[in-house]
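Single-letter residue listing:
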Amino acid sequence: MESALTARDRVGVQDFVLLENYNSEAAFIENLRRRFRENLIYTYIGSVLVSVNPYKELEIYSKPQMERYRGVSFYEISPHIYAVSDNTYRAMRTERKDQCILISGESGAGKTEASKKILLYYAVTCPTNDHMAALGDRLLQSNPVLEAFGNAKTLRNDNSSRFGKYMDVQFDFRGAPVGGHILNYLLEKSRVVHQNHGERNFHIFYQLLDGGEDDLLITLDLERNPQKYQYLVKGNCPRLSSVSDKNNWKVVMKALPVIGFTEEEKLLNIIASVLHLGNTQFGEGEEGETYITTETQIHHLSKLMGVDGSALGEALTHKKLTAKGEEMISPLSFEQALSARDALAKAVYGRTFTWLVEKINQSLALKDELYHSSKGSSVIGLLDIYGFEVLQHNSFEQFCINYCNEKLQQLFIELTLRSEQEEYETEGIAWETVQYFDNKIICDLIEEKHKGIISILDEECLRPGETCDVSFLEKLEDALGGHPHFVTHKLANGKTRRVMSREEFRLLHYAGEVNYNVNGFLDKNNDSLNRNLKEVMCQSDNQILQHCFRREEVIDQKRPEMAATQFKNSLMKLMEILMSKEPSYVRCIKPNDAKQPGRFDEVLVRHQVKYLGLMENLRVRRAGFAYRRRFEAFLQRYKPLCPETWPNWHGRLSDGVSTLVSHLGYKPEEYKLGRSKIFIRFPKTLFTTEDALEAKKPEIVIVIQSGWRGMKARRRAKRRRQAAELIRRFIKGFIYRHEEYCPENEYFLDHVRYSFLKNLRQNLPKSVLDKNWPTPPPLVAEASEHLRRMHMRNMTLKYCRRVQPEWKKQMMQKVEASKIFKDQKDSYPQSVGRLFLDSRLVMYRENTQHLRRFSHCFTLGNDKVQYGVSVIKYDRRGFKPRPRQLLLTNTFAVLVDRTKIKQRMDYSAMRGISVSSLSDGVFVVHMPSEDNKQKGDVVLHCSHVIELVTKLAMMANKVSYVNISPGSIRFAVARGKEGIIDFVRGSELKVAKGKRGHLLVVSQRLY
Ligand SMILES: Nc1ncnc2c1ncn2[C@@H]1O[C@H](COP(=O)(O)OP(=O)(O)O)[C@@H](O)[C@H]1O
Ligand SMILES: [Mg+2]
């Protein structure tokens, strides 16, 4: 409502209730037109939605649009079919009361589209699970099937629903759709056998012929050309530019399995037989007897319907009568045979349609397993039914349709007034009589027992003797003459008489006058099928037909109810259903007959406004108060208009509203205060208030603006103050930083600690070798040291855990090497980066990476060789070089010349190992010469001296026996004599005999 108020100047009013001149049809139509021009196709009359068919796609049905309307109060946002859908859904959820949405309007006004939009809205926005998604699918998929069988092209609508539809959607306690049910009303069966010029039969026939595969058509004995079928040629309109029969055929065939169909074949047999029935022709014999001229059709029919051909032929040309308990067969005249044939076609099609609806209902039915979760479920019903119909010639169908609309109007009046009255009661406002026209008198005129038009029609159909449509009219005149809503040519005054034919009667419906031509009333009401035709159909093999034509029907001699009575009864049931629900209304209007966008034909619209009873709707709505609003909403909106209520009212709401309206100068007759709502009688009062608010807005804006600016400035000042305080504390803390922790420096010191720790966290050393550590402020020096150690220990631990056994061994050897050689021998630094291997003998060299593999490769006696390396042995006298291999076991070492052991050196006897401090590879193993087994000191050279000596010293457990001499090494030669090796640095490595019989070793300078 609020948005309606603000928008009223631009595009009329969004709610007709706010139309000042609510009795003026012209003002009403002008409002519709202005809005339609702006593509605003929806307008409210209170809670009734008026919708004008735009005949073009509007961008107002997208998912974001659906979201816009979700959970939003009805009046806060522009009128929309989604607002009605959502409001109904929410009312169902919150009030736990069943709802229904009644959609009415002329053919082509957009009823079916509206109902589809509502269904889609629920399918998209309601919560679902898998089962429900499938149900939503079935609900949506049932539409194309129903439309194929129940819709047809008419002059007014290319996809006109030729039946009334009421559909229940059932929701569970969570608000998810769980089931559905459809009731169908009054299928226009006459269309099966006859169509007006420019119209078509039901879509399914054309779809089958256009879309069915060749094989299928052959099985059904059909040809693709619709012109070949008598039932399809009457309207002379086989194809439509706006509809693709072929595509729709595919859609229908796809939808059938979704809604649980398995009997397609039987269904199509029936559709084909209707076409064949149409082509069944008769001839007239010389003696007036009627016979069938198209035997092939009978043959096809017998095959497709699964009935006996000759029995069918007989039944089409003869009728069975029972007179005085005796059965008699009498031949039919040519005309009678034609109408029997057509009656059969209509019955077959009509009953199959009903069967189809039943079938769809089975698939939509709430499944047993869901029954429990459906406790507390509620229903939303959708009624998509023909609106008031006034054609050039109005017949039985229009009579039924208009009767239906009278009933719906009754319901509307009753429910609207009832809810109005209830609201007045709950609000404690005295009920005032509402001036409106109660159409009960017309409903009675039509439906009253014994006296009403329907009763008279039934009587006339059943009465023995000569009856015809005209005799029916006479009966009406006799019984109803003088009724204020009933006129005939005979009863009318001169003026009316001139515009009425003698075969017409006129009803003054609530929406206007309609003349009905009585021609065909009796026949259509009878809607009878010869008994022998029924008997033939009962015996069909086709299960659908068996289901449609029950044997009991033939046996039961009681006459079935007449069509009008059947319709009346089904309407009664519908009214019962609707009465138990909370209704919402959608009234659809067609802006022009040409199905063109943007054209607003005023005459046509006026006609519909009249026959939809919209002015009457508005009058009922406006009978009391034009506007009502809860106190809090009213106060919230208009409180700036009164100094006492602005900016806030702290007292009781009703007092606030009272203060406000007396300040605004409302007169007592203009409004009433209920318990929770204010009721305003005239839109004018409200508009004046609204205008005052509009005028007040700049002032309010200034107040709000200055308040906001002040608040912002205060906030900024506060933050600045806080910042200054912080800086002050910081500086003070800096000055006192060397003092004990005290209030003056606590902030600063905490900050220093905090920043050090934060910085430390980012800069912790990543490896054990990284010795960097941020310098701590004195305050945290101790903690920093603890942390440093902990971190280092932690890293070391982690590192050690990762070390493999062979690496551990390697490392231990390296550590020993370091102990022995570090800073002692020139070649040591070079050795650090190289791995110690388990063997250096040539045969293993290629695999040296795989240390493990060589450790135990061969044995000497019982001892495994742990290491082997090539060496050069120098004779102690003369220093002749000899290539040898030195092998180490766990207890001794041997010098080997290929396979021959030359010398064995027991570790236990070993007295020491000497090496030089230079970079050479010469070393001496000191062995006792007294021992016969041992041959005394050995002078050796090895390119891996560091590795070899380390291993030897470790294995012999004689690390401390390694002696590193800077200048020369003395060694024992036999019998107390000793030799000397001199070490000097030179340009290149050389081992040669030097002066005084010494061995001279020249080592390369390494740097
Ligand atoms: N809201 C809408 N937006 C766009 N086109 C619409 C709308 N409502 C109806 N139409 C058009 O009007 C045609 C007839 O509408 P339909 O719902 O079948 O009428 P009814 O059921 O009242 O006879 C539709 O086929 C469609 O082309
Ligand atoms: Mg329709």
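Residues numbered from 1 in each chain as written. Chains lettered and ligands numbered in written order. Predicted model: local features only at pLDDT ≥ 70, side-chain atom pairs only at ≥ 80, totals over all residues. Heavy atoms only, no water.

**Q** Outline the overall build of the protein, supporting the account with residue identities and numerical values.
**A** Counting its secondary structure elements, the protein contains 36 helices and 33 strands. By the compact-globule yardstick of 30 Å for 1007 residues, the protein is too spread out, its C-alpha radius of gyration being 54 Å. For the protein, the proportion of its 1007 residues judged to be buried stands at 51%. Sequence separation of at least 24 residues holds for 62% of the intrachain contacts in the protein that already meet a minimum separation of 6. (Helix = DSSP H or I, 4+ residues; strand = E, 2+ residues; numbered from the N terminus. Rg over C-alpha atoms; globule rule 2.2 N^0.38 Å. Buried < 20%, exposed > 50% of the residue type's maximum accessible area, 1.4 Å probe, protein only. Contact = heavy atoms within 4.5 Å.)

**Q** Can you lay out the coordination of the magnesium ion (ligand 2) for me, pointing to particular residues and giving the numbers?
**A** Protein coordination at the magnesium ion (ligand 2): the donors are Thr-112 (OG1) and Ser-161 (OG), at 2.0 Å from the metal. Within this pair, whereas Thr-112 is found in helix α5 (residues 111-125), its partner Ser-161 is found in strand β5 (residues 160-161), the two being separated by 49 residues in sequence. Each of the two residues, Thr-112 as well as Ser-161, counts as buried. (Donors = N, O, S within 2.8 Å, 3.2 Å for Na, K, Ca; no water.)

**Q** Which residues make up the site of ligand 1, and what values do they have?
**A** Neighbouring ligand 1 are 16 residues; Asn-53, Gly-108, Lys-111, Thr-112 and Glu-113 lie closest to it. A distance of 2.8 Å is found between an oxygen atom of ligand 1 and a side-chain nitrogen or oxygen belonging to Asn-53. Within the contact set of ligand 1, a nitrogen atom lies 3.0 Å away from a side-chain nitrogen or oxygen of Tyr-61. Tallied by class, the residues present in the shell around ligand 1 amount to four nonpolar, seven polar and five charged. (Near = heavy atom within 4 Å. Polar contact = N/O pair within 3.5 Å; in protein donor to acceptor, adjacent residues only side chain to side chain. Nonpolar A, V, L, I, M, F, W, Y, C, P; charged D, E, K, R; others polar.)

**Q** Provide a residue-level description of the domain arrangement of the protein, including the pertinent values.
**A** Under the domain assignment used here, the protein contains domain 1 (628-706), domain 2 (745-802) and domain 3 (807-840 + 857-1004). Each of domain 1 and domain 3 has a C-alpha centre, and these two points are 113 Å apart. (Domains from an automatic or database assignment.)

**Q** Describe the packing of aromatic side chains, listing the residues and the values that go with them.
**A** For the structure shown, the criterion picks out 31 aromatic pairs. Arranged with centres 5.9 Å apart and planes meeting at 35°, the rings of Tyr-89 and Tyr-122 form a pair that is tilted. Note that Tyr-89 is positioned in helix α4 (residues 81-95) and Tyr-122 in helix α5, a separation of 33 residues in sequence. Here Tyr-89 falls in the buried class, since its relative accessible area comes to 12%. Ring centres of Phe-412 and Tyr-585 lie 4.7 Å apart, and the angle between their planes is 85°; on these two criteria the pair is classed as edge-to-face. Residue Phe-412 is found in helix α16 (residues 396-427), and its partner Tyr-585 is found in strand β16 (residues 582-589); the two are separated by 173 residues along the sequence. (Phe/Tyr/Trp six-rings, centres within 6.5 Å; stacked < 30°, edge-to-face > 60°.)

**Q** Give me the nonpolar core: which residues, what numbers.
**A** Ranked by size, the top nonpolar core spans 200 residues in total, and within it Phe-28, Leu-32, Phe-149, Phe-205, Ile-453, Phe-505 and Phe-634 carry the most contacts. The biggest single contributor to this core is helix α15 (residues 334-364), with 14 residues. Ranked by size, the runner-up nonpolar core spans 33 residues in total, among them Ala-817, Ile-820, Tyr-867 and Ile-913. (Core = buried A, V, L, I, M, F, W, Y, C linked by side-chain atoms within 4.5 Å.)

**Q** Go over the state of the cysteines with me, naming the residues and quoting the values.
**A** For the structure shown, the criterion picks out zero disulfides. Summary of cysteine pairing: Cys-126 is not part of a disulfide, and the nearest cysteine sulfur, belonging to Cys-100, is at 17 Å. (Disulfide = S-S within 2.5 Å.)

**Q** Which residues make up unusual backbone geometry, and what are the values?
**A** The linkage connecting Trp-646 with the following residue, Pro-647, adopts the cis geometry, with an omega of -5°. Among the secondary structure elements, Pro-647 is positioned in the loop between α28 (631-638) and α29 (653-664). You will see that Phe-879, though not glycine, has its phi angle at about 50°, which is positive. Residue Phe-879 is classed as buried on the basis of its relative accessible area, which comes to 7%.

**Q** Give me helix α26 (residues 602-611): which residues, what numbers.
**A** Within α26, the full set of buried residues consists of Leu-604, Val-605, Gln-608, Val-609 and Tyr-611. Structurally, α26 contributes buried residues whose contacts are with α2 (25-37), β15 (512-517), β16 and α27 (614-622). Where α26 begins, one side-chain oxygen reaches toward the backbone nitrogen of Val-603, 3.2 Å away; that side chain belongs to Asp-601. Phi for Gly-613, located one or two positions after α26, is positive at around 70°.

**Q** Describe the UniProt feature "binding site: ATP" (unreviewed entry) in the protein, listing the residues and the values that go with them.
**A** The UniProt record marks Gly-105, Glu-106, Ser-107, Gly-108, Ala-109, Gly-110, Lys-111 and Thr-112 with the feature "binding site: ATP" (unreviewed entry), using the residue numbering of this structure. Inspection of the secondary structure puts Glu-106 in the loop between β3 (99-105) and α5. Judged by its relative accessible area of 8%, Glu-106 is buried. Setting aside residues no more than four positions away along its own chain, Glu-106 makes contact with Lys-111, Arg-156, Phe-388, Cys-588, Lys-590, His-607 and Gln-608. Taking the relative accessible area as the measure of exposure, Ala-109 reaches 0% and is therefore buried. Apart from the residues lying within four places of it in its own chain, the contact partners of Ala-109 are Asn-53, Cys-588, Ile-589 and Lys-590. (UniProt positions renumbered as here; feature names shortened; annotations may be inferred.)

**Q** Lay out the packing of α28 against α29 in plain terms, naming residues and giving numbers.
**A** Close contact between α28 and α29 brings their axes to 9 Å; oriented N to C, the two are set at 45°. As judged from the angle between their axes, α28 and α29 are oblique. Along this stretch, α28 crosses α29, giving a crossing that reads as left-handed. Of α29, the residues touching α28 (which contributes Phe-631, Glu-632, Phe-634, Leu-635 and Tyr-638) are Leu-653, Ser-654, Gly-656, Val-657, Leu-660 and Val-661. (Axes fitted to C-alpha atoms, helices over the stretch in contact; angles between N-to-C directions. Parallel < 35°, antiparallel > 145°, perpendicular 65-115°, else oblique. Left-handed = near helix turned anticlockwise from the far one by under 90°.)

**Q** Provide a residue-level description of the environment of Ile-981, including the pertinent values.
**A** Note on placement: Ile-981 falls in strand β31 (residues 978-986). Residue Ile-981 is classed as buried on the basis of its relative accessible area, which comes to 0%. Separated by 380 residues in sequence, Ile-981 and Asp-601 have C-alpha atoms that sit 130 Å apart.

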